[in-house]
Amino acid sequence: MESPNHTSLDSSVFVLMGIPGLEQFHLWLSLPVCLLGTATVVGNITILAVIATEPALHKPMYLFLCMLSTVDLAASFSTVPKLLAILWCGAGRISASACLAQMFFIHAFCMMESTVLLAMAFDRYVAICHPLRYTTILTDTIIARIGVVAMVRGSILMLPCPFLIQRLSFCQSHVIPHTYCEHMAVVKLACGDTRPNRVYGLTAALLVIGVDLFCIGLSYFLIARAVLRLSSHEARSKALGTCGSHVCVILISYTPALFSFFTHRFGHHVPLHIHILLANVYLLFPPALNPMVYGVKTKEIRERVVSVFQKGQGTGLKALE
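Residues numbered from 1 in each chain as written. Predicted model: local features only at pLDDT ≥ 70, side-chain atom pairs only at ≥ 80, totals over all residues. Heavy atoms only, no water.

## What to know about helix α3 (residues 96-129)
So, step 1. Along its 34 residues, α3 runs 49 Å from first to last C-alpha, staying within 8% of the 50 Å computed at 1.5 Å per residue.
So, step 2. Burial runs high along α3: 26 of the 34 residues are buried. (Helix = DSSP H or I, 4+ residues; strand = E, 2+ residues; numbered from the N terminus. Expected span 1.5 Å × (residues − 1). Buried < 20%, exposed > 50% of the residue type's maximum accessible area, 1.4 Å probe, protein only.)

Right, here's the structure in full:
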């Protein structure tokens with residue numbers, strides 16, 4: 001083991017501070033975190049159960065929604081338990097290997113989610129611009145391959161980051177001013193040259209957010225152009241209505257992500273607790289709100305959920321009789 005003044009990553013234990021400057025509010029902040037975590041689990045499991053048990057929903061759009069719910073659940077399990085432990089009892093100690101694992105999974109799942117959102121935009125483009133070829137383009141095999149691509153893309157793009165961090169030495173503080181092992185928050189603690197880490201992190205983020213947002217924007221530009229060519233107002237409204245849920249999910253997912261990304265790298269005058277709150281909004285809100293958006297705006301899912309609750313109430317009333 002090296003001396004305390006030059007401790008390597010392999011022998012270190014990090015400490016997650018939580019939200020610096022707001023320590024006195026940690027217990028109160030745990031309430032919305034707990035509510036969002038519960039909403040994420042209940043909402044996404046409900047979406048998965050409804051689609052799995054309803055043959056009429058075994059369509060590309062809903063299969064992509066299953067992928068999104070699965071990724072959201074996995075991302076939530078990667079962050080919420082440790083976050084609540086920090087907020088409830090200050091249990092911020094985390095081993096180096098666990099920190100690297102959490103970093104990998106959090107960022108990889110975020111990249112997978114972006115890929116799935118891109119696939120959902122492509123699904124809406126095909127459904128509206130090429131409706132007669134919809135079932136021949138988006139076959140079960142193609143959908144499965146898209147799911148594999150989403151997993152492989154997120155994993156491969158994130159895989160170099162832990163290895164790039166392992167080469168660094170942490171000769172100063174091992175206290176991470178964050179609620180989870182965020183890539184740049186860990187890199188900023190390192191001594192020596194961290195330019196490869198910074199450049200790669202920025203490149204990977206731009207490859208995902210930049211490319212996916214451009215392709216999603218292009219898809220909706222083509223969709224809008226096709227819809228405006230429709231002669232019937234009712235047909236235009238129906239076509240745009242099918243995109244409403246996905247547009248809401250895109251705004252929910254990418255807006256806090258972009259704010260977090262730009263303030264972390266360029267907002268040097270933004271207080272640290274604002275950085276961390278934005279990063280947590282980015283991780284906590286989309287997984288909790290996505291199933292609500294689809295549950296409210298998608299008629300088939302809404303009716304199925306309502307029927308399940310009505311059956312449950314009917315069964316309960318019969319038991320009381």
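## Details of the UniProt feature "transmembrane region" (unreviewed entry) in the protein
So, step 1. Summarizing the sequence annotation, UniProt attributes the feature "transmembrane region" (unreviewed entry) to residues 25-50, 62-88, 100-122, 142-165, 204-228, 240-262 and 274-294 in the numbering used throughout.
So, step 2. The span residues 142-165 is 96% helix and 0% strand, and its two end C-alpha atoms sit 36 Å from each other.
So, step 3. Between the first and last C-alpha atoms of residues 240-262 the distance is 31 Å; the span itself is 100% helix and 0% strand. (UniProt positions renumbered as here; feature names shortened; annotations may be inferred.)

## Observations concerning the side chain of H183
So, step 1. Relative to the helices and strands, H183 is located in helix α7 (residues 183-187).
So, step 2. Judged by relative accessible area, H183 falls into the buried class, the value being 6%.
So, step 3. Leave out the neighbours within four places in its chain, and H183 touches M103, H107, C161, I165, N197 and G201. (Contact = heavy atoms within 4.5 Å.)

## A short note on the sheet that holds strand β3 (residues 93-95)
So, step 1. The strand order β3-β2-β5 describes an open sheet built from three strands, whose pairing is mixed. Two strands bound the open sheet, and with one partner strand each, they are β3 and β5 (175-176).
So, step 2. Here strand β2 (residues 13-16) runs beside β3; their pairing, made up of three bridges, is antiparallel. Considered in β3, the bridge of F14 is made with I94.
So, step 3. Relative to the sheet, α3 contacts β2, β3 and β5, its axis offset from that of β3 by approximately 90°. (Pairing = 2+ DSSP bridges. Axes fitted to C-alpha atoms, helices over the stretch in contact; angles between N-to-C directions.)

## Quick word on a nonpolar patch on the surface
So, step 1. Taken together, the side chains of V148, M151, V152 and I156 present a nonpolar region at the surface, about 360 Å² in accessible area.
So, step 2. Tracing the sequence through the fold places V148 in helix α5 (residues 140-158).
So, step 3. When its relative accessible area of 44% is taken as the criterion, V148 is described as partly exposed. (Patch = residues over 30% accessible without salt bridge, like charges linked within 9 Å, V, L, I, M, F, W, Y side chains within 5 Å. Areas by Shrake-Rupley, 256 points an atom, 1.4 Å probe, with all protein chains shown as cover. Salt bridge = Lys/Arg side-chain N within 4 Å of Asp/Glu carboxyl O.)

## Regarding the packing of helix α2 (residues 60-89) against α3
Helix packing for two helices is described by the angle between their axes and how far apart those axes are.
So, step 1. Two numbers describe how α2 lies on α3: the axes approach to 9 Å, and their chain directions differ by 160°. With respect to α3, the axis of α2 lies roughly antiparallel. Both α2 and α3 take part in a crossing whose hand is left-handed. (Parallel < 35°, antiparallel > 145°, perpendicular 65-115°, else oblique. Left-handed = near helix turned anticlockwise from the far one by under 90°.)

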